[in-house]
Amino acid sequence: MSSSRKLKMMRRRELPFELVVEILARVPVKDLIRFRCVCKTWRSLFQDERFYRQHMTHAPTRIVSFRLSDILLGRFSCDNSGNKAEMILQANNILNARGERLVIDASLLGHCHGLFCFCFDNRIFGVWNPSLRVLREIRKPDVREWSEMGFGYDPSSQDYKIVLLLKKQGIHSEALVFSLKSETFKFYPGPSNCGKGFPEVIAGGLRGGGLCTVGVDALSGGLIVWSAQHDDKIGGGIKSWSKICILSPGILEISTSCRIHRIFVVSAITYAGLLLVLVNIDGKESMKRESKLLAYNLEEKSLTNVDTSLSLYSCGRLLTYVETLVPIPGRLNL
């Protein structure tokens, strides 16, 4: 058999490139990192934004909670009626030795698309992809007091942003936003504080993935959720805030089976179309503080108490985590 005929037969056996891409988009990140040395085509493919966005849609999303001694991985499930929800928590280490040092030495702000955001000594932010083992450090401007910090993705400008909600006197707050794409800090109006209270937690992914805040409403004592409206004319900056919902103490007492004296928000995330809020509750009849995980369905406007396999009181912030090939914009510290 001639060499030209053999070459033709080999080409016939090759899979179409579109099918190869579909297969690789379902391969775990740790294997894709090894596959970068297979050929230049694959290495270039893994750096293409369309591919790593496609891969991210197939990657499993997990719930994580960082504690002092270990890391908890959570598996969340909910029945079709939405009346029963549970989360199985198991101790597991998803990070390498360098990741463990980062978690110990810094305050974790949030996670988005495989990127963790930290704050070191209140002076420097760090954005880190543990799968790619790359870190970017960002020096924070001289801002003395803030109520909360958060990290997320703004789909209107296709940009990752760090947000500080600043403490101000009066009815309205102010947000200081850092854009990883433009590498600039800018001030924008923050959500109303309803007279006294202030949103305590920042979460992303509600109604199109925009920024939102979840906090305690000082007027009612319940939970209040705000969503930011972004404006393309100002580079995806925050134009205004709209109130999504208020969960009154009465509704919270029915869902948690607790008589509530005070409630504190520990963390909030979005998962499987639900807003999951971890709260600490001081009861009216008991001096013991209880921790509850609540699932709120924005479409059905229903609230469910989530059963868990471990005590939530020892949990830190809950985060969603997915291993990705998403690069960090800007100058990196490898």
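Scroll up for the structure.
The shown structure was predicted, so the numbers you read here are calculated from the model rather than taken from an experiment.

Parameters at a glance
Residues numbered from 1 in each chain as written. Predicted model: local features only at pLDDT ≥ 70, side-chain atom pairs only at ≥ 80, totals over all residues. Heavy atoms only, no water. Buried < 20%, exposed > 50% of the residue type's maximum accessible area, 1.4 Å probe, protein only. Helix = DSSP H or I, 4+ residues; strand = E, 2+ residues; numbered from the N terminus. Arc of directions from axis to C-beta. Axes fitted to C-alpha atoms, helices over the stretch in contact; angles between N-to-C directions. Parallel < 35°, antiparallel > 145°, perpendicular 65-115°, else oblique. Contact = heavy atoms within 4.5 Å. Nonpolar A, V, L, I, M, F, W, Y, C, P; charged D, E, K, R; others polar. Salt bridge = Lys/Arg side-chain N within 4 Å of Asp/Glu carboxyl O. Phe/Tyr/Trp six-rings, centres within 6.5 Å; stacked < 30°, edge-to-face > 60°.

**Student:** In this structure, what is going on with helix α7 (residues 249–256)? I would like to understand it.
**Tutor:** The periodicity of an α-helix, 3.6 residues per turn, causes residues three or four places apart in sequence to face the same way. Regarding α7, the residues found buried are Leu252, Ser255 and Thr256. In a view along the axis of α7, the buried residues occupy a sector of 85°, so they form one face of it. Among the residues trailing α7, Ser257 stands out with phi positive, at a value near 60°.

**Student:** Just to check I follow, could you spell out the packing of helix α2 (residues 17–24) against helix α5 (residues 49–58) for this structure?
**Tutor:** Two quantities define a packed helix pair, namely the angle between the helix axes and the distance between the axes. Interhelical geometry of α2 versus α5 gives an angle of 50° and a closest axis separation of 9 Å. In this view, α2 runs oblique relative to α5, as classed from their interaxial angle. Across from Val21, Glu22 and Leu24 in α2, the residues of α5 making contact are Phe51, Gln54 and His55. Counted by class, the contact of α2 with α5 contains three nonpolar, two polar and one charged residues.

**Student:** Hey, could you run me through the pattern of salt bridges in this one?
**Tutor:** Where charged atoms from two side chains of opposite charge come close, those side chains can pair. The full count for this structure, using the stated rule, is eight salt bridges. Here Lys292 makes a salt bridge to Glu290, at a shortest N to O gap of 3.9 Å. By relative accessible area, Lys292 is classed as buried at 17%.

**Student:** Even after reading the chapter, I still don't get the packing of aromatic side chains, so can you show me in this structure?
**Tutor:** The relation between two aromatic rings is expressed through the spacing of the ring centres and the mutual angle of the planes. According to the stated counting rule, one finds ten aromatic pairs in the structure shown. Between Phe46 and Phe51, the aromatic rings sit 5.4 Å apart at their centres with planes inclined by 35°, giving tilted as the arrangement. The pair Phe46 / Phe51 is uniform in exposure class, with both members buried. Between Phe116 and Trp128 the ring centres are 6.3 Å apart and the planes differ by 35°, which places this aromatic pair in the tilted class. Of this pair, Phe116 sits in strand β5 (residues 115–120) while Trp128 is found in strand β6 (residues 124–129), placing the two residues twelve residues apart along the sequence. On the basis of relative accessibility, which here comes to 0%, the residue Phe116 falls in the buried class. Owing to a relative accessible area of 1%, Trp128 belongs among the buried residues under this scheme. The structure contains a cluster of three or more aromatic residues connected by ring pairs, namely Phe35, Trp42, Phe46 and Phe51.

**Student:** How should α2 be read in this particular structure?
**Tutor:** Within α2 the residues assigned to the buried category are Val20, Val21 and Leu24. Projection of α2 onto a plane perpendicular to its axis shows the buried side chains occupying an angular sector of 100°, all on one side. Buried residues belonging to α2 abut α3 (29–35), α4 (40–46) and α5.

**Student:** Honestly, unusual backbone geometry in this entry has me stumped. Any pointers?
**Tutor:** Glycine aside, negative phi is the norm for most residues, and most peptide bonds take the trans geometry. Positive phi is not limited to glycine here, since His113 has a value of about 55°. Residue His113 is classed as partly exposed on the basis of its relative accessible area, which comes to 21%. Unusually for a residue other than glycine, Arg133 sits at a positive phi of about 60°. Its place among the elements puts Arg133 in the loop between β6 and β7 (134–139).

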